[in-house]
Amino acid sequence: MRLIVGIISLLVALFAAIIFLLPEPEGFPILEYHQVTDEKLDPDFEVYNVPPEEFSAQLDFLQAEGYTTITLQDFMRAVHGKATLPDKPIVLTFDDGYTDNYSTMLPILEAHKMTAVVYVITNEVGKSGYLTLDQLKDMQRRGIEIGSHTSDHLPLTSLDAETQLTQIRDSKRFLEWSGLSTIYSLSYPNGAFNEEIMEILRSEQYLTAVTGDAGLNTLETNPYELYRVHIRKPRFGLNEFKFRLLKAKFFAKLRNIF
Ligand SMILES: [Zn+2]
């Protein structure tokens, strides 16, 4: 037994050393946030709430590290050679479309002269706790990219093809027909996707989609399979945030091997 534990520990250490020694992976991170709030909500969801002062400290850190925030439309312009990416790009994304994205997150973001992408569940728009259409339009005017998180936040892989299509198409139409400019990006509910779903996105004129899989992104990454690293409510302050950025890098290295 002790021998097996010893061998396993040795293998883990060897693997860690190999990962450590691999060259720095190419690519930029996309961060996945939900709420920026101090409110004590449902304890099951509290892990998704980053307190405003922690969020502000994270943006200070990114700025100090020389990162420049871009939207996924900026990314696609670069993919098509119509723009160049800044030296150290990063994308900040916010899932579900909560009210605090407007009342709390946006002022902190603007104080740092940064931008973001906000993905809304369109059947929740205007309901208690969720962004209204006026807030979404104002955010778009202020340079925030608005994307779809589908109509009802059902994991797409669990649905039949017809429902997949309506969830993807109707959420985009709802936003555009309500006066927002074209919606180009989607966030997969629960990170669930497959080839058929990507094909629907292509035919419905989406240009990008973000997953829940950790990693880094380059101009060569499949734009319907962009990697994101989840930023939870930190228990260990800024160090935990730095650790999450390292996690993206670590997974990018792993992907380079396999
Ligand atoms: Zn979500």
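See the structure shown above.
Notes on the structure follow. (Residues numbered from 1 in each chain as written. Predicted model: local features only at pLDDT ≥ 70, side-chain atom pairs only at ≥ 80, totals over all residues. Heavy atoms only, no water.)

## Concerning the overall build of the chain
No. 1: Of the regular secondary structure elements, the chain holds eight helices and 10 strands.
No. 2: Taken against the 2.2 N^0.38 rule, which gives 18 Å for 258 residues, the C-alpha radius of gyration of the chain at 19 Å falls within 12% of a compact globule.
No. 3: For the C-alpha atoms alone, the extent of the chain along its principal axes is close to 65 × 40 × 40 Å.
No. 4: Counting the 258 residues in the chain, one finds 47% classified as buried.
No. 5: Restricting to contacts in the chain with at least 6 residues of sequence separation, those with at least 24 account for 67%.
No. 6: For the chain, the accessible surface area stands at approximately 12,900 Å², while carbon and sulfur atoms represent 56% of it.
No. 7: Charged side chains in the chain number 24 positive and 35 negative. The centres of these two groups are separated by 4 Å. (Helix = DSSP H or I, 4+ residues; strand = E, 2+ residues; numbered from the N terminus. Rg over C-alpha atoms; globule rule 2.2 N^0.38 Å. Buried < 20%, exposed > 50% of the residue type's maximum accessible area, 1.4 Å probe, protein only. Contact = heavy atoms within 4.5 Å. Areas by Shrake-Rupley, 256 points an atom, 1.4 Å probe, with all protein chains shown as cover. Lys, Arg positive; Asp, Glu negative; His and termini not counted. Charge placed at Lys NZ, Arg CZ, Asp CG, Glu CD.)

## With respect to the nonpolar core
For soluble globular proteins, nonpolar side chains are generally found buried alongside one another.
No. 1: Grouped together as the largest cluster of nonpolar side chains are 50 residues, with contacts concentrated most on Leu-31, Phe-55, Leu-62, Leu-109, Ile-146 and Tyr-188.
No. 2: Beyond its immediate stretch of four places on either side in the chain, Leu-62 contacts Leu-31, Tyr-67, Ile-90, Leu-92, Met-114, Phe-241 and Leu-245.
No. 3: Counting 11 residues, the second-largest nonpolar core is a separate cluster that includes Phe-28, Ile-30, Met-76 and Tyr-119. (Core = buried A, V, L, I, M, F, W, Y, C linked by side-chain atoms within 4.5 Å.)

## Describing the packing of helix H2 (residues 52-64) against helix H8 (residues 237-257)
No. 1: The N-to-C vectors of H2 and H8 enclose an angle of 55°; their axes lie 10 Å apart at closest approach. Taken together, H2 and H8 sit at an angle that is classed as oblique. Like other packed secondary-structure pairs, H2 and H8 cross with a definite hand, here right-handed. In contact with Glu-54, Ala-57, Gln-58, Phe-61 and Leu-62 of H2, H8 contributes Gly-237, Leu-238, Phe-241, Lys-242 and Leu-245. (Axes fitted to C-alpha atoms, helices over the stretch in contact; angles between N-to-C directions. Parallel < 35°, antiparallel > 145°, perpendicular 65-115°, else oblique. Left-handed = near helix turned anticlockwise from the far one by under 90°.)

## Thoughts on the pattern of salt bridges
No. 1: As enumerated under the stated definition, the model contains 11 salt bridges in all.
No. 2: One salt bridge in this structure joins Asp-74 and Arg-77, with 2.8 Å as the shortest N-O distance. Remark: Arg-77 and Asp-74 occur in helix H3 (residues 72-79); sequence separation between them is three residues, near one turn of the helix.
No. 3: Using a relative accessible area of 26% as the deciding quantity, one classes Asp-74 as partly exposed.
No. 4: In this structure Arg-77 comes out as partly exposed when scored by relative accessible area, which is 38%.
No. 5: With a closest N to O distance of 4.0 Å, Arg-235 and Glu-240 form a salt bridge.
No. 6: Note on Glu-240: relative accessible area 7%, which makes it buried. (Salt bridge = Lys/Arg side-chain N within 4 Å of Asp/Glu carboxyl O.)

## Considering the coordination of the zinc ion
Ideal donor angles around a metal are set by the shape: a four-donor tetrahedron calls for 109.5 degrees, a six-donor octahedron for 90 or 180 degrees.
No. 1: Within the protein, Asp-96 (OD), His-149 (NE2) and His-153 (NE2) serve as the donor atoms for the zinc ion, at 2.1 to 2.2 Å.
No. 2: Between consecutive donor residues of the zinc ion, the sequence gaps follow D-x52-H-x3-H. Of this pair, Asp-96 sits in strand S5 (residues 89-96) while His-149 sits in the loop between strand S7 (145-148) and helix H6 (161-177), and the two are 53 residues apart along the sequence.
No. 3: By relative accessible area, which is 2% here, His-149 ends up buried. (Donors = N, O, S within 2.8 Å, 3.2 Å for Na, K, Ca; no water.)

## Some points on H2
No. 1: Taking 1.5 Å of rise per residue, 13 residues should cover 18 Å, and H2 covers 18 Å from first to last C-alpha, within 8% of that figure.
No. 2: Of the positions making up H2, those classed as buried are Pro-52, Phe-55, Gln-58, Leu-59, Phe-61 and Leu-62.
No. 3: The positive-phi residue at the C-terminal boundary of H2 is Gly-66, with phi of around 85°. (Expected span 1.5 Å × (residues − 1).)

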